[in-house]
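Working through the structure, step by step
Here is what each chain is made of, one letter per residue.
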Amino acid sequence: MKSEAPLKEKKEKKMKLSLPAEELMHSGNLACQGCGAGLAMRYVLKALGQKTALCIPACCWSVIDGPFPYSTLDVPIFHCAFETAAASAAGLKAGLEMVGDTETTVVAWAGDGGTFDIGIQALSGAAERNDDILYICYDNEAYMNTGIQRSSATPYGAWTTTTPVKHFKNRPKKDIDAIMAAHRIPYQATASIGYPEDLYKKAKKAKDVKGTRFLHIYAPCPTGWKARPEDTVKFARMVVQNCIFPLYEVEFGEKYTLNIKPREKKPVDEYLRLQGRFHHLKEDHIKIMQEEVDRAWERLLRRAEAQ
Ligand SMILES: Cc1ncc(C[n+]2csc(CCOP(=O)(O)OP(=O)(O)O)c2C)c(N)n1
Ligand code: SF4
Ligand SMILES: [Mg+2]
């Protein structure tokens, strides 16, 4: 019995996050059980605070928020057309400045489909002009809101309704972070809902930078991944430990900082095994995925260590 008390204490200590208690996102929202996108918004708003305005294009989040006049968020939202998140945010920021508001953080909040594919032209334009916006992509690796279609963020091997098992996706995920780095914007980072403190820190840092900032947040979707809702946070930690989704920052497209270097790099197998979208994969496919992850990880290490 003696050893149980310290063990319990240790467990509770481990679970305690150092994020502010104030919530700008409330219960009663329409996210599915275990939705990573919900957690992403909750953590980001803790960092950005009340003086925030969101531009949200068509995506799960335009539904999660609730039907007008209800809203789960305590900040204003402009629901914009799918391809216009960055342009709408840039316009909103310019408009606010015209009326003397220089403080509000204007955020374009879009899914991977709205970022990697459909909104990439507006995003590239805003980044090239260095418009003063914070662009946040919550990445659930498919077009979820319309029923799980493949996007260019969908990883190799994944099942979606447009990449059925016999024709699973045979192209790798697009490297949006490299594309953004090529724009030499002042600040960009990857983050995961499995590491809330790291995510919070990056959102806070991004808030205070002037110019275009880009946050790419890994946000599992149990519904679209055919996975258990209770595994959402587990996946979001696994991808950092197996280097599928490393956490790093880039300043001006040049200075790479690696935030978490796993002590022991885990293989990708277990992560794949827990998700129905990968159940059809054979050993050879997993080998291809592992090799791709290894190559990308080595590339990132070289960039970060070259500083
Ligand atoms: C121009 C246009 N094309 C297609 C749609 C239909 N549509 C609405 S949401 C959505 C999926 C969005 O996917 P993503 O950006 O990844 O966000 P998620 O739903 O995964 O959160 C699609 C295809 C639309 N609203 N407008
Ligand atoms: S479909 Fe996925 S991303 Fe959309 S609300 Fe449900 S869990 Fe969240
Ligand atoms: Mg998506």
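Right, let's walk through the structure included here. Computed from a predicted structure; not experimentally measured.

Okay, the site of ligand 1 next. As a structural note, the neighbourhood of ligand 1 is formed by 16 residues, with Gly-113, Gly-114, Tyr-138, Ala-142 and Asn-145 the closest of them. Take Tyr-138: an N or O atom from its side chain is 2.5 Å from an oxygen atom of ligand 1. The separation between an oxygen atom of ligand 1 and a polar main-chain atom of Met-144 is 3.0 Å. Across the complex, the protein chains shield 73% of the 580 Å² of accessible surface that ligand 1 would expose by itself. Taken together, the residues of the shell around ligand 1 break down into eight nonpolar, six polar and two charged.

Relative to the assigned elements, Ala-89 resides in helix H4 (residues 85–98). Residues Ala-89 and Arg-150 lie 61 residues apart in sequence; the distance between their C-alpha atoms is 26 Å. Setting aside its immediate chain neighbours within four residues, Ala-89 contacts Cys-55, Val-106, Val-107, Ala-108 and Ile-133.

A word on the site of ligand 2. Around ligand 2 lies a shell formed by Cys-32, Cys-35, Cys-60, Ile-64, Asn-140, Cys-221, Pro-222 and Thr-223. When residues of the shell around ligand 2 are traced back to their parent elements, those giving at least two are helix H3 (60–64) and helix H9 (222–225). Of the residues belonging to the shell around ligand 2, the class tally is six nonpolar, two polar and no charged.

Before going further, it helps to spend a moment on the pairing of strand E8 (residues 255–258). Here four bridges tie strand E7 (residues 248–251) to E8, and the two strands are oriented antiparallel to one another. Across the sheet, residue Tyr-248 finds its bridge partner in E8, namely Leu-258. Two successive antiparallel strands, E7 and E8, enclose a turn made up of three residues, where Phe-252 displays a positive phi of approximately 50°.

To continue, consider the pairing of strand E3 (residues 105–111). Each regular strand carries side chains that alternate between the two faces of the sheet. With seven of seven residues buried, E3 lies mostly within the body of the structure. The side-chain alternation of E3 yields two buried faces, one formed by Thr-105, Val-107, Trp-109 and Gly-111 and the other by Val-106, Ala-108 and Ala-110. Note: strand E1 (residues 52–56) against E3, four bridges, orientation parallel. In the strand pairing of E3, Ala-53 is matched with Val-106. Pairing of E3 with strand E4 (residues 134–139) involves five bridges; the strand directions are parallel. In the strand pairing of E4, Val-107 is matched with Leu-134.

Per the counting criterion, the structure on display carries nine aromatic pairs. Aromatic side chains Trp-109 and Tyr-138 sit 5.7 Å apart centroid to centroid with 25° between the ring planes, which places their arrangement in the stacked category. Remark: Tyr-138 occurs in strand E4 and Trp-109 occurs in strand E3; sequence separation between them is 29 residues. Tyr-138 gets classed as buried once you look at its relative accessible area, which sits at 1%. Among the aromatic residues, those joined into a ring-pair cluster are Tyr-218, Trp-225, Phe-235, Phe-245 and Tyr-271. Above the plane of the ring of Tyr-195 lies Arg-237, whose end atom (NZ or CZ) is 4.3 Å from the centre.

Rules behind the numbers
- Residues numbered from 1 in each chain as written.
- Chains lettered and ligands numbered in written order.
- Predicted model: local features only at pLDDT ≥ 70, side-chain atom pairs only at ≥ 80, totals over all residues.
- Heavy atoms only, no water.
- Near = heavy atom within 4 Å.
- Polar contact = N/O pair within 3.5 Å; in protein donor to acceptor, adjacent residues only side chain to side chain.
- Areas by Shrake-Rupley, 256 points an atom, 1.4 Å probe, with all protein chains shown as cover.
- Nonpolar A, V, L, I, M, F, W, Y, C, P; charged D, E, K, R; others polar.
- Helix = DSSP H or I, 4+ residues; strand = E, 2+ residues; numbered from the N terminus.
- Contact = heavy atoms within 4.5 Å.
- Pairing = 2+ DSSP bridges.
- Buried < 20%, exposed > 50% of the residue type's maximum accessible area, 1.4 Å probe, protein only.
- Phe/Tyr/Trp six-rings, centres within 6.5 Å; stacked < 30°, edge-to-face > 60°.
- Lys NZ or Arg CZ within 6 Å of the ring centre and 35° of its normal.

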